[in-house]
Amino acid sequence: MSTTPWHASADLAARYADGSLPESDAWSLEKHLERCGACAARVSAAVRQSPAAGPVLARMREAVLKEAAPMETVLKEAVCAKAARRESREAGPAAAHAAHPPAGGHPLASGHVGGPVAAPLLTPPARSVLRARPRARFLLRALWAAGPAFRGAWLPAVWLVALGALALSQGAGADASRPLLLALAPVVPVAGVALSYGAHADPLHEIAAATPCGGLRLMLTRTAAVLAVSVPLLTLTGVLLPASGTPGAAAWLLPGLTLTLASLALAGWVGCRAATALTGGGWLCAVLVPSWASGGAALTELTQQLDRCLAGSRAQGAWGAAAVLCAALLAARRSAYDHMEKP
Amino acid sequence: MSTIRVSGLRVRHRRTVALDAVDLDLGPGVHGLLGPNGAGKTSLIRVLATVAQASAGRVEILGEDVGEPARRGAVRARLGYLPQEFGYYPGFTVREFVAYVAWLKDMTAADVPAAVELALHRVGLGDRADAKVKTLSGGMVRRLGIAQAIVNEPEILLLDEPTAGLDPEQRVEFRALLRELGVRATVLVSTHLVEDVAAACTEVTLLDAGRVAYRGTPASLSAVGEATGPDGIGDSGIERGYTAALRAHRTPVEPTR
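Along each chain, numbering runs from 1 in the same order as the chain's sequence is written. Labels are handed out in written order, letters beginning with A for the chains and numbers beginning with 1 for the ligands. For this predicted model, a pLDDT threshold of at least 70 governs which residues receive local features, and a threshold of 80 or more governs which side-chain atom pairs are given and counted, while totals over whole chains, interfaces and linings are taken from all residues.

You'll find chain B entered in an unreviewed UniProt entry as ABC transporter ATP-binding protein, with Streptomyces humidus given as the organism. According to its UniProt record, chain B has this under Sequence similarities (unreviewed entry): "Belongs to the ABC transporter superfamily." UniProt positions are given in the numbering used here, feature names are shortened, and annotations may be inferred rather than shown by experiment.

Per an unreviewed UniProt entry, chain A carries the name Putative zinc-finger domain-containing protein and comes from Streptomyces humidus.

(A) Quick look at the overall build of chain B. The number of helices and strands found in chain B is nine helices and ten strands. Our radius of gyration is a C-alpha quantity, and the globule rule it is checked against amounts to 2.2 Å times the number of residues to the power 0.38. The C-alpha atoms of chain B give a radius of gyration of 19 Å, which matches the 18 Å a tight globule of 257 residues would have. Here chain B holds 257 residues, and the buried ones make up 51% of them. Of the contacts formed within chain B by residues at least 6 apart in sequence, a portion of 62% connects residues at least 24 apart. Runs of E in the DSSP output that reach at least two residues are strands. Runs of H or I that reach at least four are helices, and both are numbered from the N terminus. For every residue, the other C-beta atoms within 10 Å of its own C-beta are counted; 20 or more classify it as buried, 12 or fewer as exposed, and values in between as partly exposed. C-beta atoms are placed from the backbone. Here contacts are defined at the residue level, using C-beta atoms placed from the backbone and a cut-off of 7 Å between them.

(B) Quick peek at the overall build of chain A. If you tally the helices and strands in chain A, you get 15 helices and zero strands. Relative to its 343 residues, chain A shows a buried fraction of 40%. Pairs at least 24 apart in sequence give 72% of the contacts found in chain A among residues at least 6 apart.

(C) Spatial organisation of the confidence of the model for chain A. Model confidence for chain A is summarised by a mean pLDDT of 75, while 72% of its residues fall at 70 or above. pLDDT runs from 0 to 100 and stands for how confident the predictor is about each residue. Contacts for the low-pLDDT stretch residues 86–131 of chain A, under 50 throughout, to residues beyond four places or in other chains number 79 contacts.

(D) Structural view of the packing of helix α9 (residues 187–196) of chain A against helix α11 (residues 216–240) of chain A. Residue and element names in this part refer to chain A. Axis definition: a line fit to C-alpha positions, over the contact stretch in the case of helices; interaxial angles, taken between N-to-C directions, run 0 to 180 degrees. Here α9 crosses α11 at 150°, and the two axes come no closer than 9 Å. Taken together, the axis directions place α9 and α11 in an arrangement best described as roughly antiparallel. Relative to α11, α9 is oriented so that their crossing is right-handed. Contact residues: α9 offers Val188, Pro189, Gly192, Val193 and Ser196, while α11 offers Arg222, Thr223, Val226, Leu227, Ser230 and Leu234. Any angle that falls under 35 degrees is termed roughly parallel, while one over 145 is termed roughly antiparallel, one within 65 to 115 roughly perpendicular, and all others oblique. We call a crossing left-handed when the near helix sits turned anticlockwise from the far one by less than a right angle, and right-handed when that turn is clockwise.

(E) Molecular detail of the interface of chain B and chain A. Taken together, the 38 residues of chain B in the interface contact 28 residues of chain A. Among the secondary structure elements, those contributing two or more residues to the side of chain B that touches chain A are α2 (69–77), β6 (79–82), α3 (94–104) and α4 (112–122) of chain B. Sort the elements by how many residues they give to the side of chain B that touches chain A and α4(B) lands first, with six residues.

(F) Structural context of the sheet that holds strand β1 (residues 4–13) of chain B. By definition, two strands form a pair when at least two bridges between them are found by DSSP. Judged by pairing direction, the sheet is antiparallel, and its four strands sit side by side in the order β2-β1-β4-β5 (chain B) without closing on themselves. Both edges of this open sheet fall to β2 (16–26) and β5 (64–65) of chain B, since each of them pairs with a single strand only.

(G) Focus on α4(B). Residue and element names in this part refer to chain B. Summarising burial for α4: eight of the eleven residues are buried, a large majority. Of the positions making up α4, those classed as buried are Val112, Ala114, Ala115, Val116, Leu118, Ala119, Leu120 and Arg122. A positive backbone phi angle near 80° is found at glycine 124, which sits one or two residues after α4.

(H) Structural detail: the nonpolar core. We define a nonpolar core as a collection of buried residues of the types Ala, Val, Leu, Ile, Met, Phe, Trp, Tyr and Cys that are connected via C-beta atoms lying within 7 Å of each other. Residues B:Val98, B:Ala119 and B:Ala147 are the most contacted members of the largest nonpolar core, which totals 159 residues. What fixes the domain bounds is an automatic or database domain assignment. No fewer than three residues from each of domain 1 (10–122) and domain 2 (145–338) of chain A sit in this core.

(I) Spotlight on the sheet that holds strand β10 (residues 211–216) of chain B. All names here are of chain B. Here we have six strands laid out as an open sheet, ordered β6-β7-β8-β3-β9-β10, and mixed in their pairing. The two strands at the open ends of the sheet, each matched to only one other strand, are β6 and β10. Ignoring strand direction, the axes of neighbouring strands in this sheet form an average angle of 15°. Bridge count for β6 against strand β7 (residues 156–160) is four bridges, and the pairing is parallel. Bridge pairing in β7 places tyrosine 81 opposite leucine 158.

Quick look at the structure:
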């Protein structure tokens, strides 16, 4: 894409200037001009000489310069350069829009839009839309990065866990709410990862896997998004719950991170779905099974089990060491994520 | 100048061998990949798309060995890939879908809007850019798939059954687009529609049971068909060539089939 031996011929430039070049060819030429200075100069010259677009361009250039006059010299130069560059791109539409001289307005406003044939300079209504676009585009991009988890059942599930714990604390089991939250919280980001990445979760997986973003990079981006939502929400919920001794509201953070990283590390061998099932299921078994098995005082047993797993610097230190180990594994096996499960 | 070099490629799926001892050398142009179901067309395309891993052999794309993880990213940025089946996010519009893939392909953000417009225009979806993907017909989804594959103006374009679901008129237009893309890019099109190959391809590779059964041009494949005489199976010259080449490949290797 960057090193095409192809260049615009004089004939092509002339046909572009007089508007006889088919639209699709004109677009590919414009694409080329963004990268090739020599061709841009050739097309610029052709456009200036053309009877249709030449005078329009001269008027436009004047208008742009007049507007830029009060600005700092540096800015003015920038505008000139932009206008000069745009000349070549807009010759076609400029000729077509000859009846509409450029309306007043900041010429830089459309500068960030590498839009096709950059019509916004000539059509004022489109400009306000474009000005509002960068922010909307950023938000959209952030959601894209987050991937499928936020479109599915996961986000409601996170809220259900958080609000459920709060509701429980208001109702009968004030003492039960925090242990239950701490038992469930580490599984939430793991579930988010399961629903974000891999052939089973992401309908675009096959396409994404063939892109430079595919593999570990996309998986980490989506995991980060999942953590960014679940960590603050669940920790805040924990803080709002009535305190009932140890472990504290933040005690699940390190285990949650470790289980997430362990899922990612395991996914390199067995795929995302199986890995998250193993880690998430493993945690739930370790925490919940003893309290069920104990029969009577299930809640006491759960609290004790959580105490053993989460409270104290030794437990937390072990979780931290495991997290570091999983992160190291991820880094060492990063190429394994380029080829994962087949749908 | 070859942009894709494959030597001794072997691909296994669990216990079955999908491709074996495949050697290929492809340069710019439109290459048809023909073969019966299960011949290994999709496996070959997935390996070339760097999505699947080769069990043995060497795959070199644009001069880079894709077996080297560090070189893969650079190759992927210059790839276009249309899988046989692909999904989409339900809420996305046509434009957002293609822009998302452009983003995944690491394109410069400033270039994306223009590139998306151009890609949609080329597949004839320019007027549906703001429609939701889920409202598109099957043929339109197929064209959307082609648009996402060409949005980064790839040097290597891999299309797995791109004409499935297109109506005859769209197929004619699509062949014209293929020829246009093949001027600069290396386009590999897998299909079971023999007439697509005859109309759009400069070269033909015929796969059978994981091996290359025939390589040549559409004209030479037709010639194979004519050589077998009137009792060959098929309605057109190239169809007769297809069946004759398959038969010729199967006879010495596996006499029982």
